[in-house]
Structure formats: structure tokens, C-alpha cells
Amino acid sequence: MRPPVDETAIDLLRHQIPEFEAQYLDLLDIYDEDLTPEVVFTELADYVTDLLVTARDEEVLERCFEAIDEVARAADDGRQLVAFSFLVQLSDAASALARPFFGPVAADIADRLERSEDIEPIPTRTE
């Protein structure tokens, strides 16, 4: 049994991208309680790559990248999750096709990856 994992990222994806639910449920069948956000985001990278390469459903792609930005802002270690379990998993061709869909956070993370900079979490404000 694995230690508890922050499910915020997965919950956001499931809510914003219902078209991805079948892939998520397949992963849940395979991994059961060992399913991690990293595995889900790697599968999302494959799903998005297929959408990009086949030029299908631009509206779903837009929602995928909106969700990616939201995860990067909201989830614990969200920026690292987006960087290393999603963006790095995209092929060079898929990454080039995805660029126009990037929101500001995904674009920043992608730029940092290209420059081999650290991907720092978004600082939380303390008052």
C-alpha cells in the first residue's frame, strides 16, 4: 500500500476533461491504489499527442491545456508534475503542435525546461 497522495491534480483533470475518463478508468483498473498523478499525466501526454497529431477536437485540446495550467497553479508540486510527467513526455513534434495551446503557466514551464532551469513551485503567499 502506498502512502497517501495529493489527488488534486487528478480531480482537476477528471472534472475539466471528461473525455479522458475512459483512459483514467483503464489506468485505475491496472494500478488500483498504486495509481499516481505522475502515471495519469504521462497517459494524458499520450492522449494529447494523439489529439494533436490527428488534428481532432481543438476544444478538448484547449480544455486539456487549461487544466494543465490550473494543475500547475493549484496542486502540490503541480509545476513539477506538469513539467516532468506531461511536457517532457510529449515528442518534439507534438510539443511544437501543442505550443499554440499553451496557457501562460505551461508556456513558462516549457521555456524553463528548454533552458534547463529549475522548475520551482509557485510560492504561496503568507500574510
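These notes cover the structure that comes with them. Just so you know, these numbers come straight off a predicted model, no measurement behind them.

### Some thoughts on helix 1 (residues 8-16)
Link 1 in the chain: All of the buried residues in helix 1 are A9, I10, L12, L13 and Q16. The buried residues of helix 1 occupy an angular sector of 160 degrees when the element is viewed end-on, so they sit on one face.
Link 2 in the chain: Along its buried surface, helix 1 packs onto helix 2 (21-31), helix 3 (37-54), helix 4 (58-74) and helix 5 (78-85).

### Concerning the packing of helix 4 against helix 7 (residues 104-114)
Link 1 in the chain: One way to put it is that helix 4 packs onto helix 7 with a least axis distance of 7 Å and a crossing angle of 75 degrees. It follows from the interaxial angle that helix 4 and helix 7 lie roughly perpendicular. Residue-level inspection shows I68, D69, A72 and R73 of helix 4 in contact with helix 7, the latter providing P104, V105, A106 and I109.
Link 2 in the chain: By residue class, the composition of the contact of helix 4 with helix 7 is 6 nonpolar, no polar and 2 charged.

### Observations regarding the nonpolar core
Link 1 in the chain: Core analysis: the biggest nonpolar cluster contains 42 residues, and I17, F41, L44, Y47, V48 and F86 have the highest contact counts within it.
Link 2 in the chain: For this core, the secondary-structure elements that each account for two or more residues are helix 1, helix 2, helix 3, helix 4, helix 5, helix 6 (92-98) and helix 7.
Link 3 in the chain: If we skip the residues at most four places from it in the chain, L44 touches L13, I17, F20, C64, I68 and F86.

### So, unusual backbone geometry
Link 1 in the chain: Backbone geometry at D32 places phi at a positive 50 degrees, although glycine is not the residue there.
Link 2 in the chain: For D32, the position within the fold is in the loop between helix 2 and helix 3.
Link 3 in the chain: We classify D32 as exposed; its relative accessible area is 52%.
Link 4 in the chain: Positive phi, close to 55 degrees, is recorded for D77, a residue that is not glycine.
Link 5 in the chain: Turning to its location among the elements, D77 is positioned in the loop between helix 4 and helix 5.

### What about a negative patch on the surface?
Link 1 in the chain: The grouping of D26, D29, D32, E33 and D34 at the surface amounts to a negative patch.
Link 2 in the chain: For D29, the location among the structural elements is in helix 2.

Calculation rules
- Residues numbered from 1 in each chain as written.
- Predicted model: local features only at pLDDT ≥ 70, side-chain atom pairs only at ≥ 80, totals over all residues.
- Heavy atoms only, no water.
- Buried < 20%, exposed > 50% of the residue type's maximum accessible area, 1.4 Å probe, protein only.
- Helix = DSSP H or I, 4+ residues; strand = E, 2+ residues; numbered from the N terminus.
- Arc of directions from axis to C-beta.
- Contact = heavy atoms within 4.5 Å.
- Axes fitted to C-alpha atoms, helices over the stretch in contact; angles between N-to-C directions.
- Parallel < 35°, antiparallel > 145°, perpendicular 65-115°, else oblique.
- Nonpolar A, V, L, I, M, F, W, Y, C, P; charged D, E, K, R; others polar.
- Core = buried A, V, L, I, M, F, W, Y, C linked by side-chain atoms within 4.5 Å.
- Patch = residues over 30% accessible without salt bridge, like charges linked within 9 Å, V, L, I, M, F, W, Y side chains within 5 Å.
- Areas by Shrake-Rupley, 256 points an atom, 1.4 Å probe, with all protein chains shown as cover.
- Salt bridge = Lys/Arg side-chain N within 4 Å of Asp/Glu carboxyl O.
- Lys, Arg positive; Asp, Glu negative; His and termini not counted.
- Charge placed at Lys NZ, Arg CZ, Asp CG, Glu CD.

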